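The primary structure of each chain is shown beneath.
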Amino acid sequence: MNIKVCVGSSCHLKGSYDVIQALKDVLKKYDVEDLVELQASFCLGHCAKGVNVKTEGIAPEKAEKSYTALTDGTLLLHNVTKDNAEEVFVREIYPLIEI
């Protein structure tokens, strides 16, 4: 699975680099660093709702069981901050990781 954090102008101003660091720490805490690739991404197109985080590569069977994942294997999350990054990860992303 890939996790992409928007670093476009708006998200950058809203703290995207802090979100990246927080997610690095969370991936390490939950011991999924080998299963998830964390990347920076240019604009994800929802500037007013940033910081935006997109996941790609969700297994189809996991996406079908999720209320938030799209059937194309992606998930787009809005308003992620360094303070809620772990909560968002645990609630939305962790259940979708192929473990």
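Residues numbered from 1 in each chain as written. Predicted model: local features only at pLDDT ≥ 70, side-chain atom pairs only at ≥ 80, totals over all residues. Heavy atoms only, no water.

**Q** Explain the nonpolar core to me, please; I cannot follow it from the model alone.
**A** Nonpolar side chains in soluble globular proteins tend to be buried together. Ranked by size, the top nonpolar core spans 29 residues in total, and within it Ile 3, Phe 89 and Ile 93 carry the most contacts. Taken together, the elements giving at least two residues each to this core come down to strand E1 (2-6), helix H2 (16-29), strand E4 (74-77) and helix H4 (85-93). Broken down by element, the residue count for this core peaks at six residues, all from H2. Contacts of Ile 3, omitting those with residues within four sequence positions, involve Leu 23, Leu 27, Val 36, Glu 37, Leu 38, Gln 39, Val 53, Lys 54, Thr 55, Phe 89 and Ile 93. (Core = buried A, V, L, I, M, F, W, Y, C linked by side-chain atoms within 4.5 Å. Buried < 20%, exposed > 50% of the residue type's maximum accessible area, 1.4 Å probe, protein only. Helix = DSSP H or I, 4+ residues; strand = E, 2+ residues; numbered from the N terminus. Contact = heavy atoms within 4.5 Å.)

**Q** Looking at this model, I keep getting lost on the pattern of salt bridges. Mind explaining?
**A** Between side chains of opposite charge, a pair can form as their charged atoms come close. Evaluated as defined, the whole model comprises five salt bridges. One salt bridge in this structure joins Lys 4 and Glu 56, with 3.2 Å as the shortest N-O distance. You can see Lys 4 sitting in strand E1 and its partner Glu 56 sitting in strand E3 (residues 53-56), a full 52 residues away along the chain. Residue Lys 54 is joined to Glu 56 by a salt bridge in which the shortest nitrogen-to-oxygen separation is 3.7 Å. Assessed through its relative accessible area of 25%, Lys 54 is described here as partly exposed. Put simply, Lys 4, Lys 54 and Glu 56 are held in one network by salt bridges that share partners. (Salt bridge = Lys/Arg side-chain N within 4 Å of Asp/Glu carboxyl O.)

**Q** I keep staring at the packing of aromatic side chains and nothing clicks. Help me out?
**A** The way to describe two aromatic rings as a pair is by their centre distance and the angle between their planes. Here the structure, examined in full by the defined rule, presents three aromatic pairs. Relative to Tyr 94, the ring of Phe 89 lies with its centre 5.8 Å away and its plane at 55°, an arrangement referred to as tilted. For Tyr 94, a relative accessible area of 30% puts it in the partly exposed group. Clustering of aromatic rings is evident, with ring pairs tying together Tyr 30, Phe 89 and Tyr 94. (Phe/Tyr/Trp six-rings, centres within 6.5 Å; stacked < 30°, edge-to-face > 60°.)

**Q** Please clarify how the pairing of E3 should be interpreted in this entry.
**A** Regular strands place side chains that alternate from one sheet face to the opposite one. Side chains Val 53 and Thr 55 of E3 all project onto a buried face; the interleaved residues Lys 54 and Glu 56 project onto a face where none is buried. Where E1 meets E3, four bridges bridge the pair, whose relative direction is antiparallel. Residue pairing for E3: Asn 2 is matched across the bridge by Glu 56. Bridging between E3 and E4 involves four bridges; their strand directions are antiparallel. Bridge pairing in E4 places Lys 54 opposite Leu 76. (Pairing = 2+ DSSP bridges.)

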